[in-house]
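# Report on the structure
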Amino acid sequence: MPALACCVDAAVSSQPYAFSGWDSVLPASPPSLNTSSVAPASNVPAVWSPAHSALLYRVDGWGAPYFTVNSNGNVSVRPYGFDTLAHQEIDLLKIVKKASDPKTLGGLGLQLPLIVRFPDVLKHRLESLQSAFDFAIESQGYEAHYQGVYPVKCNQNKFVVEDIVKFGSGFRFGLEAGSKPELLLAMSCLCNGSPEALLVCNGFKDAEYISLALVARKLHLNTVIVLEQEEELDTVIEISKKLDVRPIIGARAKLRTKHSGHFGSTSGEKGKFGLTTMQILRVVKKLHEYGMLDCLQLLHFHIGSQIPSTSLLADGVGEAAQIYCELVRLGACMKVIDIGGGLGIDYDGSKSQDSDCSVGYSLQDYASAVVQAVRLVCDRKGVKHPISSHGLQYFLERLTDDALSDYRNLSSAAIHNEYDTCLLYAEQLKQRCVEQFKEGSLGMEQLAAVDALCELVSNAIGVSDSVRTYHVNLSVFTSIPDFWGISQLFPIIPIHRLDERPAVRGILSDLTCDSDGKIDKFVGGESSLPLHELEGSRGVSGDGGAYYLGMFLGGAYEEAIGGVHNLFGGPSVVQVSQSDGPHSFAVTHAILGPSCGDVLRLMQHEPELMFETLKHRVEEFSSSDGGSSSMALINGLACSFNNMPYLAAASSCSLTAAGINGYYCCDDEDYAAGADTVTAEEEQWSYCVA
């Protein structure tokens, strides 16, 4: 049987399981709640627990086994999944404080926004993936093995790729490149990896790309050149002869199986990449003519990312296995079938097969479906297994049992004036009915009745429907480009104050575009997010604690494809490992985000020359004001080139605008005095930090 090579993109960078416990484990009404009171909701004691927040934000749905809400009301990270011991959990708020607090207070002095990486989670994820395939292979009597391949396009960050190679070395974990820079990166990293690890070369290729791949082969790296276009074969044959290298060749097949979801545009016969059946046959014929048919050893395909169901997966893998067996019959020395990824992530915790943001299967389900589909076809064809890499009454009658139970519990809570419980069951009922509507088992009229019922409950309890705009200190186009580009949903929640009930709902507006630079779609199909009040001086410009939001499950692609819209560069980054210290974590790497000069260089500007031009301009027009004024402006311009483009907190600010003399440098004490000169029209906004 062929070895199984499976690309793992989001699967590596996100959590492996999504247990939808949020909708079945509802915290009981707290005993301190006066259930006999008939007073308005404002007179009911404000009893709120971290468990209520975990339920509200569905943390147990999308976060398990790596994210949870701790007893302090903060988000905690479980670096070893469900194997994490209590003392090993990492409080995310403590990390943010450690990273952003000034060095004089024991912090790292990093400016927000911030990316927090957890290599322990990455390692556990790789181990879970390998274990799932090992179990499927052993339980089904599959006679080959599995080895993963990470496509570096998901996240080319040095530490991420190096960690994957290091953690996956014992599993023969390899890398996939799709461009010349990625190939150079993969070649370098895999020099420290397993000698059996695959270096899969995908993407459109020119002569330089193919030459690099063949050089990697000369360097004893297990390199496979996957043909995306039929014409690439001529170049491979020509250059391999010149370099005297016997290449290993793969072919990407265009399957008939098509993923109909949002991420399925690269699948099917009309897909952009890959070879048709006729083209594959011509490749086989040409390789036979050149005496190189033994070089064809791998079949690659890609159904699409975020495959919604194992039935679709099994259909596509089964079709590919048929092609694999035919290539064996035609004389190719086939060894590996590359599944091309597609393992979905349950971004919203609903375990639904009908949403681009969720999947209805587990990691083990995925691995078992792949192994079974390949085994069945190969056994039938007698082919050795390949390696795998990889009205009210009418309304009530239409409800599922779970939704009907929610409705009855809601009615009971309303009778007993249990206002908090009413809200929770109303929201839960609404979400279940939305899922039914998407599945087609609930009509539009019934869904509208649910909306009206939930609105009636909210109005009766006195919950405000007003939606506020919270300004966040980031660029959507840089930090969350998939939301803007393809409406990808990511869980976003406060990482602290989760022992308090959210008082308002809001949308998030970034620092750039007034139309697209906002986030107004959230987990659960909501158009606003439950948030807390920005009390007093909370915010970047104040001396109180800022309001910290976390965006989760963005490990794949977000850093890689984030742009520099409005020249906002990437955020600061800390890498955090679990340790046995007082806070159970250690910051192993801390990197300040790109400066204004850095992002200008990305756009081919030369900040040094720009500064000199401005310096001469200042000297020309400020000579009559004296040297001190000119020097203040010049120093201020120099600081501007070296500062991050994002808004800065008062404690880290070294530059501000004051008076008619322009820019000047200042220390923290000077800043307050300088800020006093801002006119009334120049209102200072408070920002929450994400």
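Calculation criteria
Residues numbered from 1 in each chain as written. Predicted model: local features only at pLDDT ≥ 70, side-chain atom pairs only at ≥ 80, totals over all residues. Heavy atoms only, no water. UniProt positions renumbered as here; feature names shortened; annotations may be inferred. Helix = DSSP H or I, 4+ residues; strand = E, 2+ residues; numbered from the N terminus. Buried < 20%, exposed > 50% of the residue type's maximum accessible area, 1.4 Å probe, protein only. Pairing = 2+ DSSP bridges. Axes fitted to C-alpha atoms, helices over the stretch in contact; angles between N-to-C directions. Core = buried A, V, L, I, M, F, W, Y, C linked by side-chain atoms within 4.5 Å.

Under the annotation held in an unreviewed UniProt entry, the chain carries the name Arginine decarboxylase and is attributed to Sesamum radiatum. If you open the UniProt record of the chain and go to Pathway (unreviewed entry), you find "Amine and polyamine biosynthesis; agmatine biosynthesis; agmatine from L-arginine: step 1/1." We quote the UniProt Sequence similarities (unreviewed entry) comment for the chain here in full: "Belongs to the Orn/Lys/Arg decarboxylase class-II family. SpeA subfamily."

Here we come to unusual backbone geometry. For the bond from A64 to P65, the omega torsion is 5°, close enough to zero to count as cis. Turning to its location among the elements, P65 is positioned in the loop between helix 3 (59-62) and strand 2 (67-69). Each neighbour pair has its own omega, and for L112 with P113 the value is 5°, a cis peptide bond. Within the element layout of this structure, P113 appears in the loop between helix 4 (92-100) and strand 5 (114-117). Even without being glycine, K351 reaches a positive phi, approximately 55°. Classification of K351 by relative accessible area gives partly exposed; the value is 40%. The phi torsion at S584 lies on the positive side, around 65°, for a residue other than glycine.

Before going further, it helps to examine the sheet that holds strand 4 (residues 90-91). Neighbouring strands of a sheet are bound in pairs by backbone hydrogen bonds; such pairs are parallel or else antiparallel. Ordered in space as 2-3-4, the three strands form an open sheet in which the pairing is antiparallel. Looking at which strands have only one partner, the edges of the open sheet turn out to be strand 2 and strand 4. The sheet contact formed by strand 2 and strand 3 (residues 75-77) spans three bridges and is antiparallel. The partner of T68 across the bridge, within strand 3, is S76.

Turning next to the sheet that holds strand 20 (residues 572-578). The strand order across the open sheet formed by three strands is 5-20-21, and the pairing between neighbours is mixed. The open sheet terminates on both sides in strands that have one partner only, identified here as strand 5 and strand 21 (585-591). For this sheet the average axis-to-axis angle between neighbouring strands, irrespective of direction, equals 25°. Judged from the four bridges that link them, strand 5 and strand 20 form a sheet pairing that is parallel. Residue pairing in the sheet places R117 in a bridge with Q575 of strand 20.

Okay, the nonpolar core next. Residues Y150, L175, L183, L199, L296, L327 and Y366 are the most contacted members of the largest nonpolar core, which totals 91 residues. In terms of residue count, helix 12 (residues 363-381) provides more of this core than any other element does, ten residues in total.

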